[in-house]
Amino acid sequence: MVLIRRVRSFILTMTALVVFDSCASADFVVFDDFSNPSPGQFFVVNPPSIQINPLTMSHPTGLGGTRNTTIQVDVPNPLPAGLNAVTGFLGGGTLDVNSSTFAQVRTILNYTSLSGTSANFFQNGVPNYLYFSFLSLDPGIDLATNSPASTMPVDVSISTTGGTLSGSFLFAQSASPVDYRIAFADLAGVGDLSQVLSMTFQFNAGPNQRQRTDFVVDSITYETAPVPLPPTALLALAATPALVWLRQRRST
Amino acid sequence: MNLLRSLFIAAAVIGTSSAAKADILIDDFSAPNPGISYLISNSNPNGSVFVTNNVQPGINRTVTLTVTSTVVANSMGGDIGVTPLGSLFSMSLNNSSSGNAVINYSFSSPMNFIPNVASGGAIGALQYLSTADAGFGSNVPLDFTITTTTGTLSYSTTMNLTATFTPTNVNLASFTGTGDLTQVTGMSITITGGQAADVALDAINITTPPGTPTEPVPAPPAALLALLALPALGLRNRWKKNQPAMA
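Residues numbered from 1 in each chain as written. Chains lettered and ligands numbered in written order. Predicted model: local features only at pLDDT ≥ 70, side-chain atom pairs only at ≥ 80, totals over all residues. Heavy atoms only, no water.

Draft legend 1. Local environment of the packing of aromatic side chains. Residues and elements named next belong to chain A. A full pass over the atoms with the stated rule returns 21 aromatic pairs over all chains. Taken together, a centroid distance of 5.7 Å and an interplanar angle of 55° make the contact between Phe132 and Phe171 tilted. Of this pair, Phe132 sits in strand β8 (residues 126–138) while Phe171 sits in strand β12 (residues 163–172), placing them 39 residues apart in sequence. By relative accessible area, which is 0% here, Phe132 ends up buried. The rings of Phe31, Tyr111, Phe121, Phe132, Phe134, Phe171, Tyr180, Phe184, Phe201, Phe203, Phe215 and Tyr222 are connected pair by pair, giving a single aromatic cluster. The ring of Tyr129 is capped by Arg181, whose NZ or CZ atom sits 3.8 Å from the centre of that ring. It is Arg212 that lies over the ring of Phe102; its NZ or CZ is 5.8 Å from the centre. (Phe/Tyr/Trp six-rings, centres within 6.5 Å; stacked < 30°, edge-to-face > 60°. Helix = DSSP H or I, 4+ residues; strand = E, 2+ residues; numbered from the N terminus. Buried < 20%, exposed > 50% of the residue type's maximum accessible area, 1.4 Å probe, protein only. Lys NZ or Arg CZ within 6 Å of the ring centre and 35° of its normal.)

Draft legend 2. Here's a closer look at the interface of chain A and chain B. Facing the 33 residues of chain A at the interface are 30 residues of chain B. Carbon and sulfur atoms make up 57% of the surface buried where chain A meets chain B, a total of about 2300 Å² over both sides. The interface formed by chain A and chain B includes zero salt bridges. Listing elements by their share of the side of chain A that touches chain B, those giving two or more residues are β5 (86–91), β6 (94–99), β8, β10 (147–148) and β15 (214–225) of chain A. Of the residues belonging to the side of chain A that touches chain B, the class tally is 14 nonpolar, 15 polar and four charged. (Contact = heavy atoms within 4.5 Å. Buried area = accessible area lost by both parts, 1.4 Å probe. Salt bridge = Lys/Arg side-chain N within 4 Å of Asp/Glu carboxyl O. Nonpolar A, V, L, I, M, F, W, Y, C, P; charged D, E, K, R; others polar.)

Draft legend 3. How the structure looks around the pattern of salt bridges. Within this structure, the stated rule accounts for four salt bridges over all chains. The partner of Asp32 of chain A in a salt bridge is Arg67 of chain A, with the nearest N and O atoms 2.7 Å apart. Of this pair, Asp32 of chain A sits in strand β1 (residues 27–32) while Arg67 of chain A sits in strand β4 (residues 66–75), and the two are 35 residues apart along the sequence. Each member of the pair, Asp32 of chain A together with Arg67 of chain A, is buried. Across the pair Asp27 of chain B and Arg61 of chain B runs a salt bridge whose closest N-O atoms are separated by 2.8 Å. With Asp27 of chain B in strand β1 (residues 24–27) and Arg61 of chain B in strand β4 (residues 59–67), the pair connects residues that are 34 residues apart, well separated along the chain. Overall, the relative accessible area of 0% leaves Arg61 of chain B in the buried class.

Draft legend 4. Seen up close, the nonpolar core. Among the nonpolar cores identified, the biggest contains 47 residues, and Phe132, Phe134, Val156, Phe201 and Phe203 of chain A are the most heavily contacted of them. Once you skip the residues sitting within four places of it in the chain, Phe132 of chain A turns out to touch Val156, Phe171, Val178, Asp179, Tyr180, Ile182, Phe201, Phe203, Ser219 and Ile220 of chain A. Core analysis: the second largest hydrophobic core is formed by 45 residues, Val63, Met91, Leu172 and Ile204 of chain B among them. (Core = buried A, V, L, I, M, F, W, Y, C linked by side-chain atoms within 4.5 Å.)

Draft legend 5. Structural context of empty space enclosed by the protein. For the coordinates displayed, the defined rule picks out two cavities of 30 Å³ or more. Taken as a whole, the largest cavity spans an internal volume of roughly 80 Å³. What lines the largest cavity is simply Asn84, Thr87, Asn98, Ser99 and Ser100 of chain A together with Gly77, Gly78, Asp79, Ser90 and Ser92 of chain B. Residue assignment for the lining of the largest cavity shows that the elements contributing at least two residues are β6 of chain A together with β5 (76–83) and β6 (86–93) of chain B. Looking at side-chain class alone, the lining of the largest cavity contains no nonpolar, nine polar and one charged residues. Lining the second largest cavity, in full, are Leu83, Ser100, Thr101 and Phe102 of chain A together with Asp79, Thr83, Leu85, Leu88 and Ser90 of chain B. Breaking the lining of the second largest cavity down by element, the ones donating at least two residues are β5 and β6 of chain B. When the residues that make up the lining of the second largest cavity are grouped by side-chain class, the tally is four nonpolar, four polar and one charged. (1 Å grid on protein atoms, 1.4 Å probe; cavity = no way out; pocket = protein on both sides within 12 Å on 5 of 7 lines; lining within 4 Å. Points joined across faces, edges and corners; volume = space filled by probe spheres on them.)

Draft legend 6. Focus on the sheet that holds strand β14 (residues 196–203) of chain A. All names here are of chain A. The six strands are arranged β3-β4-β7-β14-β11-β12 in an open sheet whose pairing can be described as antiparallel. At either margin of the open sheet sits one strand with a lone partner, and together these are β3 (55–60) and β12. Shown here is a sheet whose adjacent strand axes are inclined to one another by a mean of 15°, direction ignored. (Pairing = 2+ DSSP bridges. Axes fitted to C-alpha atoms, helices over the stretch in contact; angles between N-to-C directions.)

Draft legend 7. Expanded view of the confidence of the model for chain B. When pLDDT is averaged along chain B, the result is 86, and 79% of the positions lie at 70 or above. Note on residues 1–18 of chain B: pLDDT is under 50 here. Beyond four places in sequence and across chains, it has 12 contacts. (pLDDT = per-residue confidence, 0-100.)

Draft legend 8. Local environment of the side chain of Thr162 of chain B. Of note, Thr162 of chain B is situated in the loop between β10 (151–158) and β11 (166–171). A relative accessible area of 12% places Thr162 of chain B in the buried class. Among all residues touching Thr162 of chain B, those that are not within four sequence positions of it are Ile141, Asn146 and Arg212 of chain A together with Ser130, Thr131 and Ala132 of chain B.

Below, the structure is given as structure tokens:
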């Protein structure tokens, strides 16, 4: 009987510790690792003989949605025939975009048909941050200053059943792998991240669009934290071993 | 007769003044037309060579493009010659690739890069347009070599980090080495691009400044003077014709 009580006490104590510990750890959900298509495919926007402008490619993502990748040359506009405005590689683990010397190119990643984990960001806990992992990023030339740019504009838009969350950010140049982090709390608007309908990320668009932008992105991830228990619950759990000990003492 | 002589003198004066040699256009990338769009990838050869003869009369161009890092699907691309955006040479490296372009010019017969120096003109300059994005580097090195019958002259600089073509003049006197600029047999330009560099080059020529204002007979004033002398010569002719009658 004493042995059973001691075992029960041990289990309760361990459970309390595990619960307490899990409150502090985050969970990362890889939304898209660009593993599709596999093997990856080369692309070049050079109308009309090779590929038209804009060029859109659709592929499934690891979490079940569909990724629509659009490579759009904004300048020169209209894009004259016979010019390799942008070359790149999609899939096999990366999206590599290499703009030519005189081109201003935007890349649009649009995720639709979301379901399960990709549609409910609360499935694994409270969503805190969105991560864009780049192997490298060269913003190119800042046309406003006619000199090398230090950042590339990135626009985020998340459409949910309750509304749209959006924001514009600047990612800094990096020659080595880097994670750019965006807090969901920094997005403007009202939305329900447990019911995400679609997401759109635009790289190098808008009024701050750069010339000659080159980058390699290899994953998009969001981070969640488990739903925290109230402090009173934690205290109560922490007291469980003491209660067990007290009961044991009384019974003996 | 005297009128004809006057006209001859005037023509001779004008001819003397126009002896100042014009600038030497090496390459404006107007050839080939249409231009070449190149791509060095893991399915295209690395160390691509493009030859265009007579880019200007008597000048042949060889462009050699080399990726010096591991070649990937879109390591290096660009254009040579007439493109929808104009006549130019361009090179664009992707984020993981480094490489270089060597643009070599050979002349069918030696050229004189300083044709007006003998008549008092100054040594000219190598003039070009460039634009570049250094990518992950701080600059894009640009090296010039002028080959002459007696040796080579060289000059190293960096490309202009601008969005549009920006002109640069390099005085030929700034080149180092040993060479005879009156006997130039060729020239080469080496562009060294680091990861993610994007560059373009255009309008390469040699300026040949005319003689200084202290020259004995500056062209336009001399021609004007010659023309102004015509009435006087006519008067003299008429006077000579009248002389026998008076005698």
